[in-house]
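Below are the chains, spelled out letter by letter.
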Amino acid sequence: MKFVKQIAVIFSISFMAELMEYLIPLPVAASVYGLVLMLIGLMSGIIPLEKVEGAADFLVEIMPVLFIPPTVSIMTSFQVLSQLLIPITVISVASTVLVMTVTGRVSQGIMRRSQKNPSAASVPEANTKRKRKS
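Here's what I pulled together on the structure shown here. (Residues numbered from 1 in each chain as written. Predicted model: local features only at pLDDT ≥ 70, side-chain atom pairs only at ≥ 80, totals over all residues. Heavy atoms only, no water.)

**Focus on the packing of aromatic side chains**
(1) Moving on: Per the counting criterion, the structure on display carries one aromatic pair.
(2) Moving on: Taking 5.4 Å as the distance between ring centres and 80 degrees as the angle between the ring planes, the aromatic pair formed by phenylalanine 3 and phenylalanine 58 counts as edge-to-face. One end of the pair, phenylalanine 3, is in helix 1 (residues 2–23); the other, phenylalanine 58, is in helix 3 (residues 53–61), with 55 residues separating them in the sequence.
(3) Moving on: The exposure class assigned to phenylalanine 3 is partly exposed, which follows from its relative accessible area of 38%.
(4) Moving on: On the basis of relative accessible area, phenylalanine 58 is assigned to the partly exposed category, the value being 35%. (Phe/Tyr/Trp six-rings, centres within 6.5 Å; stacked < 30°, edge-to-face > 60°. Helix = DSSP H or I, 4+ residues; strand = E, 2+ residues; numbered from the N terminus. Buried < 20%, exposed > 50% of the residue type's maximum accessible area, 1.4 Å probe, protein only.)

Printed below as a string of structure tokens:
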């Protein structure tokens, strides 16, 4: 019964997100609204983590199964997609490299800033542990 309640909480958030997508005239997907609602609920304590943790873990575990239908659909549409194979590959590689580069640069910037100003760092214990070991 506990699992059913947890799924009900997650589905309620999803339903509210669908309503928001329908009612708010912005080009934002319902999934984004749902993630924001869940984040706000968890951060504010309105939704305790224990109320969704088991169901969320289960949904994450079965996530690969949820990708099977789109994969089969792509395989059946290979003739249509084969004409776009080179552009899709170039875009995928370029966007992956761009995301990796930007993420790396931002991470390095955050790490440098935290080393210059340890009081502003969110993980000062990690820095002191490393210094003690050396």
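**A look at a negative patch on the surface**
(1) Moving on: Residues Glu50, Glu53, Asp57 and Glu61 make up a contiguous surface patch of negative charge.
(2) Moving on: Residue position: glutamate 61 is located in helix 3. (Patch = residues over 30% accessible without salt bridge, like charges linked within 9 Å, V, L, I, M, F, W, Y side chains within 5 Å. Areas by Shrake-Rupley, 256 points an atom, 1.4 Å probe, with all protein chains shown as cover. Salt bridge = Lys/Arg side-chain N within 4 Å of Asp/Glu carboxyl O. Lys, Arg positive; Asp, Glu negative; His and termini not counted. Charge placed at Lys NZ, Arg CZ, Asp CG, Glu CD.)

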